[in-house]
Amino acid sequence: MLMAHPAVLKDLIAQYETLTLLEAGKSTPQARQRLADISYTLCVATGTGDADMALIAARHRLSGARPDDDSLLQASVSPEAPSGV
């Protein structure tokens, strides 16, 4: 699979976050289309089919992401809990 350049991923994340912060999904048809386009591009760039998963994948691929990132684990799992609990 081709990998998007980190600068491209950063830009896509920034655009997506800006549009969602401004509630583009509830705004003008042009803003809704832009949000849909950015979501689609994030999905293509990360090989995912969902905008939320695309954001997680994009952030994980950026430099500084921990190789043992546990952000996909259930929120109910405490980081202090011993393994096997």
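Our structure's up above, just so we're on the same page.
The sections below set out a description of the structure shown in this document. (Residues numbered from 1 in each chain as written. Predicted model: local features only at pLDDT ≥ 70, side-chain atom pairs only at ≥ 80, totals over all residues. Heavy atoms only, no water.)

### Things to note about helix α2 (residues 29-46)
Where we set the bar: Helix and strand assignments come from DSSP, with helices taken as H or I runs of at least 4 residues and strands as E runs of at least 2, each series counted from the N terminus. Helices are assigned an expected span. That span is 1.5 Å times one less than the residue count. When accessible area is computed with a 1.4 Å probe and restricted to protein chains, residues below 20% of their type maximum are described as buried, those above 50% as exposed, and intermediate ones as partly exposed. Residue contacts are defined here by distance: any two heavy atoms, one from each residue, within 4.5 Å place the two residues in contact.
Taking 1.5 Å per residue as the helical rise, α2 with its 18 residues ought to reach 26 Å, and the 26 Å between its terminal C-alpha atoms agrees with that figure. Listing the buried residues of α2 in full gives A31, L35, I38, S39, L42, C43, A45 and T46. Contact partners of the buried residues in α2: α1 (6-21) and α3 (51-61).

### Some thoughts on the pattern of salt bridges
Under the convention used in this document: For this document, the term salt bridge refers to a Lys or Arg side-chain nitrogen within 4 Å of an Asp or Glu carboxyl oxygen.
A full pass over the atoms with the stated rule returns one salt bridge. Put simply, R59 and E17 hold a salt bridge, and the shortest N to O gap is 2.3 Å. Of this pair, R59 sits in helix α3 while E17 sits in helix α1, placing them 42 residues apart in sequence. Assessed through its relative accessible area of 37%, E17 is described here as partly exposed.

### Side note on the packing of α2 against α3
Filter applied, for reference: Working convention: axes come from line fits to C-alpha atoms, limited for helices to the stretch in contact. Angles between N-to-C directions cover 0 to 180 degrees. Just so you know how the angles are binned, under 35 degrees is roughly parallel, over 145 roughly antiparallel, 65 to 115 roughly perpendicular, and the rest oblique. The handedness criterion is simple: a crossing whose near helix is rotated anticlockwise from the far helix by less than a right angle is left-handed, and one whose near helix is rotated clockwise is right-handed. The classification used treats Ala, Val, Leu, Ile, Met, Phe, Trp, Tyr, Cys and Pro as nonpolar, Asp, Glu, Lys and Arg as charged, and all other residues, Gly among them, as polar.
Two elements in contact, α2 and α3, have axes whose closest approach is 9 Å; the angle formed by their N-to-C orientations is 55°. Judged by the inter-axis angle, α2 sits oblique to α3. As α2 runs across α3, the sense of the crossing is left-handed. Residue-level inspection shows S39, L42, C43, A45 and T46 of α2 in contact with α3, the latter providing A51, A54, L55, A57, A58 and R61. The class makeup of the residues in the contact of α2 with α3 is eight nonpolar, two polar and one charged.

### A look at the nonpolar core
Stated precisely, the cut-off is as follows: Note on terminology: a nonpolar core comprises buried Ala, Val, Leu, Ile, Met, Phe, Trp, Tyr and Cys residues joined through side-chain atoms within 4.5 Å.
Core analysis: the biggest nonpolar cluster contains 17 residues, and I13, Y16, I38 and L42 have the highest contact counts within it. Within the residue set of this core, elements represented by two or more residues are α1, α2 and α3. No other element matches the six residues that α2 contributes to this core. When residues no more than four places from it in sequence are discounted, the contact partners of L42 are L12, I13, Y16, A54, L55 and A58.

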